[in-house]
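Letter by letter, the chains look like this.
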Amino acid sequence: MQDVNDIISNCASPHWGDRKEGLVALRIFLQGSHMLTGSELRRVTEIFTKMFMDAQTKVFTMFLDTLMDLIMVHKADLGDWLYVLLTRLLNKLGSDLLGSVQTKIHKTLDLVRDSFPCDQQFIVIMRFLVDQTQTPNCKVKVATLTYLKCLVDVMELGDLTASPDTPVALAKILTWTADQKFLEIRRAASAAFIAMFNCNMTEFTALLQQLPPACQSTASQIIQTHLKRVSSLDASPSSLPPRTPPSSGGTPVLQSPNTSLPRSHRPARYNTIDFDDTENLNPEEVYRSLKRTTAEIQNYSFDLESLEKHRDSTSQDSGISQLSAGGPDTRSNDVVDDKHAEDTNGILSGRSSSVSSPTHRQLSLLSDSSRNGLDTLTDDDLGRGDGQESDAEVMTSVIAELSNTEEGRTVEKRTALTNLIRLARTGSTLVWNENFRAVLRLLLESLNCGDGGQRALVLAVLTEMMRRSPLVHHFLSFSELIILRVLNAHADKEKEVHRAAVVCAGTVAEILPPEVVIRVLKPLIQMAEYPVNQASIKMLNKLVEAHQPSIVAAALPEIMPGLIKAYDNKESCVRKASVFCMVALHNAVGEEAMVPHLEALTGSKLKLLNLYIKRAETQNSGASSPKSEPPM
């Protein structure tokens, strides 16, 4: 056994070989039931604080293993170091790491969550969120919010205590629930907020009353949406979704935080990805099928009687036939009992005349805060029972206007589409369930109109409908149809239509099941003409950025051949999009997973790709990058 001082000195050595040797020796020391003295522990934590930034992968991997041993042995003595420990681990997830290193960091975070008091960790997270010296990127925000959600899931009622930083941190979380750029941040922030609400409603309600009126209004809307979603699953208000603690088997902390629904209620296709059904498809046949679908869209009469008459002769894959009245009925998945929803809304708005269950009594506290501005939303905003008639009337007038074939009604149709955007954001789910197919049919028909502003509004409506969680399952029957129409809109000569198509395509890539999106994009990337092939690649890029590395890695055999082919396209912008997409793939899955798929590239193309990869790594690390770009 080496002397402890020598071990610590080796850990602090500027030579990576000595550092690795010191870490190995320290692991042996700690695993041998030995403990460090107070001064020795202080020296080790000072060294470890710097070691979080160690550039040597082998040293950093050994450091994480040693760190876990140190936590297990000295967790009772590391309370003062908890802030540094937790924030450095979360910040590390914001950089590009090998999959094996990410796994070790997740495992270390699991150990931290299990080893330290939950209330202390909660205070640390609140402090981290308001720390002005921190500038977290998207990955760090998602990792922090997801860790917070997992932590709150295992907290007791008394652990959710307010610190001086809590109100400001809570306001920041509410701000992130409306993040306009990253869907993952919105989801993670909403998940963390709902988890805190479910943990201790009394304490949480008191915290909400300390926030500005605007934040209280946002909080009320999130809680209302959560309760309506629970109601739509036929759960009573007194039995909110259970808070399931994370498994102790090293489950990664950075998951897709679709948390307001229990996992048992989530569609299975969102949890797993399986390409076995599509790997034997002939891309040319798929592309011909998609082109046939596009022709059907352009030439097909959307009259309901015609749809019923020709349903059997239309493409089964496209989903056109299901727009008719004879299509599968998916409304039952999202129907909310009127009386039940009205009772729940009454609790939040202070209109409930009686409070019976314990959860009802907790929720009734929110009505007391209405005097402080928490419950400031209108009937239309909340979609209350007495507001649903208004939404139904607006929907009826919108459908009537969009069905009107008279010429010279451009202003009226634009107004109808604008009203549809409002309904997509805050309208009654019941009204949408009853009118979804009719609206979608009219929207697709309106994409062929001659007014560019109207076409742009149609794409904006589709985007807002896609972002409305209770409506997503309706799109699953028409996924291929929607993707094709959105991609074709990229060829529109009107700039505002093109911009709206780009936003809509990014939303589709984030929301719809990745296996469905990839199945449609694969033949388009390989065989479609410009600009549809470029738009397909950019949409794939958005998908890679939005989904977990494990899902992306499983899809590599499907998507890489098309990207390699696009790298040789005659259009430079297509080649550039292909390179950027491969860089995003490299960032997501790592070099080891990418190398087998790059063997077909020539030396010069591989060199150029590596140049862009290194540039992306430099930009992610905060260093400045050269302004000029290598030619494609």
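Residues numbered from 1 in each chain as written. Predicted model: local features only at pLDDT ≥ 70, side-chain atom pairs only at ≥ 80, totals over all residues. Heavy atoms only, no water.

Draft legend 1. Expanded view of the overall build of the chain. Scanning the chain from N- to C-terminus turns up 31 helices and 0 strands. The buried share of the chain, taken over its 632 residues, is 54%. Pairs at least 24 residues apart make up 74% of the contacts formed inside the chain by residues separated by at least 6 positions. Counting every atom, the chain has about 28,400 Å² of accessible surface; 50% of that belongs to carbon and sulfur. (Helix = DSSP H or I, 4+ residues; strand = E, 2+ residues; numbered from the N terminus. Buried < 20%, exposed > 50% of the residue type's maximum accessible area, 1.4 Å probe, protein only. Contact = heavy atoms within 4.5 Å. Areas by Shrake-Rupley, 256 points an atom, 1.4 Å probe, with all protein chains shown as cover.)

Draft legend 2. Main features of the environment of Ala192. Its place among the elements puts Ala192 in helix 10 (residues 183-199). Here Ala192 falls in the buried class, since its relative accessible area comes to 0%. Setting aside anything within four residues of it in sequence, one finds Ala192 in contact with Leu145, Leu148 and Lys149.

Draft legend 3. Geometry of the pattern of salt bridges. This structure, assessed with the given rule, holds 16 salt bridges. Glu558 is the salt-bridge partner of Lys522, the closest N and O atoms lying 3.1 Å from each other. Taken as a pair, Lys522 in helix 26 (residues 514-527) and Glu558 in helix 28 (residues 549-566) lie far apart in primary sequence, 36 residues in all. In this structure Lys522 comes out as buried when scored by relative accessible area, which is 19%. Among the charged side chains, a network of salt bridges with common partners joins Arg27, Asp65, Asp69 and Lys104. (Salt bridge = Lys/Arg side-chain N within 4 Å of Asp/Glu carboxyl O.)

Draft legend 4. Spatial organisation of the packing of aromatic side chains. In the structure shown here, the tally under the stated rule is 8 aromatic pairs. Between Phe436 and Phe475, the ring centres sit 5.0 Å apart and the planes meet at 90°, which makes this aromatic pair edge-to-face. Of this pair, Phe436 sits in helix 21 (residues 429-446) while Phe475 sits in helix 23 (residues 472-475), placing them 39 residues apart in sequence. The pair Phe436 / Phe475 is uniform in exposure class, with both members buried. Following the ring pairs from residue to residue traces out a cluster consisting of Phe48, Phe52, Phe60, Phe63 and Trp81. The ring of Tyr83 is capped by Arg127, whose NZ or CZ atom sits 3.7 Å from the centre of that ring. (Phe/Tyr/Trp six-rings, centres within 6.5 Å; stacked < 30°, edge-to-face > 60°. Lys NZ or Arg CZ within 6 Å of the ring centre and 35° of its normal.)

Draft legend 5. Up close: the environment of Ala553. Its place among the elements puts Ala553 in helix 28. For the pair Ala553 and Ala593, spaced 40 residues apart in sequence, the C-alpha separation works out to 7.2 Å.

Draft legend 6. Spatial organisation of the packing of helix 27 (residues 532-546) against helix 29 (residues 572-589). Two elements in contact, helix 27 and helix 29, have axes whose closest approach is 9 Å; the angle formed by their N-to-C orientations is 15°. Taken together, the axes of helix 27 and helix 29 lie roughly parallel to each other. Judged by the sense of rotation from one axis to the other, the crossing of helix 27 with helix 29 is left-handed. Of the residues in helix 29, those touching helix 27 at Asn533, Gln534, Ile537, Lys538, Leu540, Asn541 and Val544 are Cys573, Val574, Ala577, Ser578, Phe580, Cys581, Ala584, Leu585 and Ala588. Within the contact of helix 27 with helix 29, the residues separate by chemical class into 11 nonpolar, 4 polar and 1 charged. (Axes fitted to C-alpha atoms, helices over the stretch in contact; angles between N-to-C directions. Parallel < 35°, antiparallel > 145°, perpendicular 65-115°, else oblique. Left-handed = near helix turned anticlockwise from the far one by under 90°. Nonpolar A, V, L, I, M, F, W, Y, C, P; charged D, E, K, R; others polar.)

Draft legend 7. Structural view of the confidence of the model for the chain. Averaged over every residue, the pLDDT of the chain is 76; the share at 70 or more is 73%. Throughout residues 234-283 the model reports pLDDT below 50, and contacts reaching past four residues in sequence, or to other chains, amount to 100 contacts. Within the model, the stretch residues 293-389 combines pLDDT values under 50 with 186 contacts to residues more than four positions away or in other chains. (pLDDT = per-residue confidence, 0-100.)

Draft legend 8. Fine view of unusual backbone geometry. Residue Tyr530 is joined to Pro531 through a cis peptide bond whose omega torsion reads 10°. Along the chain, Pro531 turns up in the loop between helix 26 and helix 27.

Draft legend 9. Representation of the side chain of Glu510 within the structure. By the element assignment, Glu510 lies in helix 25 (residues 495-511). Although Glu510 is buried, it makes no salt bridge; Arg186 carries the closest opposite charge, 4.8 Å away. Setting aside anything within four residues of it in sequence, one finds Glu510 in contact with Leu183, Arg187, Ala546 and His547. (Lys, Arg positive; Asp, Glu negative; His and termini not counted.)

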